[in-house]
Amino acid sequence: MRATGEARERRACEMPIFMMFGKYSAESLKKVSAERTKKAVRIIDRHGGKVISMYAVMGEHDLVLTLDFPDSEKALMASVALKQLTGISFVTSPVVDVAQFDRLVSEIGDL
């Protein structure tokens, strides 16, 4: 899905987006609760982040979070703090929208 020009301009002014993929351990799964989720959101907020979406999923990962953070350092700090709170192992990846990716790749030129 391609973003409109307006969406690209708006996105350029916002914080970078990060995806966090979480995997429960047997122990962390025992402690699932709405209260722990609220604490996790507060940790994200304290590190300058904003939750775009949070999903429990089936497959390779148990959780997928889409988050805005000011920079990769804040995202890393939140990831470690979430691990300390929950025991959930997270893999954190920065993402770019497809329109930005297309533009970046087109700037590489012929190899």
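Fair warning: this is a prediction, and the values are worked out from it, not measured in the lab.

### Considerations on the nonpolar core
Counting residues in hydrophobic clusters, the biggest one holds 15 residues, and the most contacted among them are M20, I44, L65, L67, F69, L82 and F90. Broken down by element, the residue count for this core peaks at four residues, all from helix α4 (residues 72–86). Apart from residues lying up to four places away in sequence, L82 is in contact with M20, A40, I43, I44, G87 and F90.

### So, the pattern of salt bridges
Evaluation of the coordinates by the stated rule reveals three salt bridges. We note a salt bridge from E27 to K30, for which the minimum N-O separation is 3.7 Å. Placement of both E27 and K30 in helix α2 (residues 26–30) is noted, with a separation of three residues, approximately one turn of the helix. For E27, a relative accessible area of 44% translates into the label partly exposed.

### What to know about the sheet that holds strand β3 (residues 63–68)
Read across the sheet, four strands follow the order β2-β3-β1-β4 without closing on themselves; strand pairing throughout is antiparallel. Each having just a single partner strand, β2 (50–56) and β4 (89–95) make up the two edges of the open sheet. Between one strand axis and the next, the sheet turns through 20 degrees on average, direction left out of account. Across six bridges, the pairing between β2 and β3 is antiparallel. Bridge pairing links M54 to L65 in β3. Contacts between helix α3 (residues 34–46) and the sheet are confined to β2 and β3, with β2 contributing the most and set at about 145 degrees to the helix. Across the sheet, α4 lies against β1 (17–23) and β4, angled at about 160 degrees from β4, the strand it touches most.

What counts and what doesn't
- Residues numbered from 1 in each chain as written.
- Predicted model: local features only at pLDDT ≥ 70, side-chain atom pairs only at ≥ 80, totals over all residues.
- Heavy atoms only, no water.
- Core = buried A, V, L, I, M, F, W, Y, C linked by side-chain atoms within 4.5 Å.
- Buried < 20%, exposed > 50% of the residue type's maximum accessible area, 1.4 Å probe, protein only.
- Helix = DSSP H or I, 4+ residues; strand = E, 2+ residues; numbered from the N terminus.
- Contact = heavy atoms within 4.5 Å.
- Salt bridge = Lys/Arg side-chain N within 4 Å of Asp/Glu carboxyl O.
- Pairing = 2+ DSSP bridges.
- Axes fitted to C-alpha atoms, helices over the stretch in contact; angles between N-to-C directions.

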